[in-house]
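# Summary of structural features
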Amino acid sequence: WWPSTQDRWPKAIHLDGAVDPVDWPLIHREWNPPGKRRFLYVGCTLPCKGIDRLSALALEHGGPDLWWHVGPGTVPGCREFGYVENWRVIAAECDFLICCGRNDANPTTVLEAACMGLIPIVSDGCGWNGDVSAPGTDGVPLFQGASPEMLNTIASRIRCEVLCFYGFSAMLDTVLAAIKT
């Protein structure tokens, strides 16, 4: 989205990412016990994705038993699943989605994971930081020991924000409002 776009096409509107809750139903039902909670990274292993940060977190906080990676490449300290057609099956065993990117504008996996009931934890370089996620990766030890009630509250708030502001119906409302003007 560039401001000059609005000058050339006054009817142009900015649309954020959107997720359809039908495609990403609530799957997370119960938290793993404190000290055994799992973190999931879904994506490639390019340097801009902060793989060095992810690897350091994984090695410091539980290793491959608790840190899982779905996607191409390898992340030292993570259990590797490679490419899978339906990562929801793996996500159902996890508690958190983690993004350590340095300049990852708005990763769709954050919306998808939040819609499924996982708590996204994202770095400062992620566009969803603090919006539909738990801000900062420094909170990893806190989340590992947090009460289920606290995690339920956080996950519910984030899922509600995703459905209210980043669901397909919100996107459709934005488009219809722009058409009416």
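Computed from a predicted model, the values in this text were never measured in an experiment. (Residues numbered from 1 in each chain as written. Predicted model: local features only at pLDDT ≥ 70, side-chain atom pairs only at ≥ 80, totals over all residues. Heavy atoms only, no water.)

### Overview of the packing of aromatic side chains
Applied cut-off: In this scheme Phe, Tyr and Trp rings, the latter by its six-membered ring, pair at centre separations within 6.5 Å, and the angle between planes marks the pair as stacked below 30 degrees, edge-to-face above 60, and tilted otherwise. Numbering of helices and strands runs from the N terminus; a helix is a DSSP stretch of H or I covering at least four residues, while a strand is a stretch of E covering at least two. Buried, partly exposed and exposed residues are distinguished by accessible area as a fraction of the type maximum, computed with a 1.4 Å probe on protein chains only: under 20%, between the cut-offs, and over 50%, respectively. Look at NZ for Lys and CZ for Arg. If either is within 6 Å of the ring centre and within 35 degrees of the ring normal, a charge sits over the ring.
Counted according to the given criterion, the structure contains six aromatic pairs. Ring centres of Trp-24 and Trp-87 lie 5.6 Å apart, and the angle between their planes is 40°; this geometry places the pair in the tilted category. Residue Trp-24 is located in the loop between α1 (3-8) and β1 (39-42), and its partner Trp-87 is located in the loop between β3 (79-82) and α3 (88-91); the two are separated by 63 residues in the primary sequence. The class for Trp-24 is buried, based on a relative accessible area of 12%. Under the relative-accessibility criterion, Trp-87 is labelled buried at 10%. Measuring from centroid to centroid gives 5.4 Å for Phe-96 and Phe-143, while their planes differ by 50°, and the two rings are tilted. Of the two residues, Phe-96 sits in strand β4 (residues 96-99) while Phe-143 sits in helix α5 (residues 140-145), which places them 47 residues apart along the sequence. Classification of Phe-96 by relative accessible area gives buried; the value is 0%. You can call Phe-143 buried: its relative accessible area is 6%. Just above the ring of Trp-68 sits the side chain of Arg-79; from NZ or CZ to the centre is 5.1 Å. Across from the ring centre of Trp-24, 4.2 Å away, lies the NZ or CZ of Arg-88, which sits over that ring.

### Focus on the environment of His-28
Here is the rule: Contacts are residue-level and defined by heavy atoms, with any inter-residue pair within 4.5 Å sufficient.
Here His-28 lies in the loop between α1 and β1. Under the relative-accessibility criterion, His-28 is labelled buried at 8%. Expressed as a C-alpha distance, the spacing of His-28 and Gly-125, which sit 97 residues apart in the sequence, is 26 Å. Non-local contacts of His-28, meaning those with residues more than four positions away in its chain, are made with Cys-94, Asp-95, Met-116, Gly-117 and Leu-118.

### Description of the nonpolar core
Here is the rule: Definition used in this section: a nonpolar core is a set of buried Ala, Val, Leu, Ile, Met, Phe, Trp, Tyr and Cys residues joined via side-chain atoms within 4.5 Å.
The biggest cluster of nonpolar side chains holds 48 residues, and the ones touching the most others in it are Leu-40, Leu-54, Trp-67, Trp-87, Ile-98 and Ile-119. No other element matches the six residues that helix α4 (residues 108-116) contributes to this core. If near-sequence neighbours (up to four positions away) are discounted, Ile-98 is found in contact with Phe-39, Leu-40, Tyr-41, Leu-54, Leu-57, Trp-67, Ile-121, Thr-137 and Val-140.

### With respect to the side chain of Asp-95
Which entries qualify depends on this criterion: Note that His is not counted, nor are the chain ends; the positive residues are Lys and Arg, and the negative ones are Asp and Glu. Counted as salt bridges are all cases of a side-chain nitrogen of Lys or Arg within 4 Å of a carboxyl oxygen of Asp or Glu. In the analysis that follows, any N or O atom pair within 3.5 Å is treated as a polar contact, provided that within protein one partner can donate a hydrogen and the other can accept it, and provided that, for residues neighboring in sequence, both atoms belong to side chains.
Looking at the secondary structure, you find Asp-95 in the loop between α3 and β4. The side chain of Asp-95 sits in the buried core without any salt bridge; Arg-37 is the nearest counter-charge, 5.2 Å away. A distance of 2.8 Å separates the side chain of Asp-95 from the side chain of Asn-32, its partner in a polar contact. Excluding anything up to four places from it in sequence, Asp-95 contacts His-28, Glu-30, Trp-31, Asn-32, Arg-37, Arg-38, Leu-118 and Ile-119.

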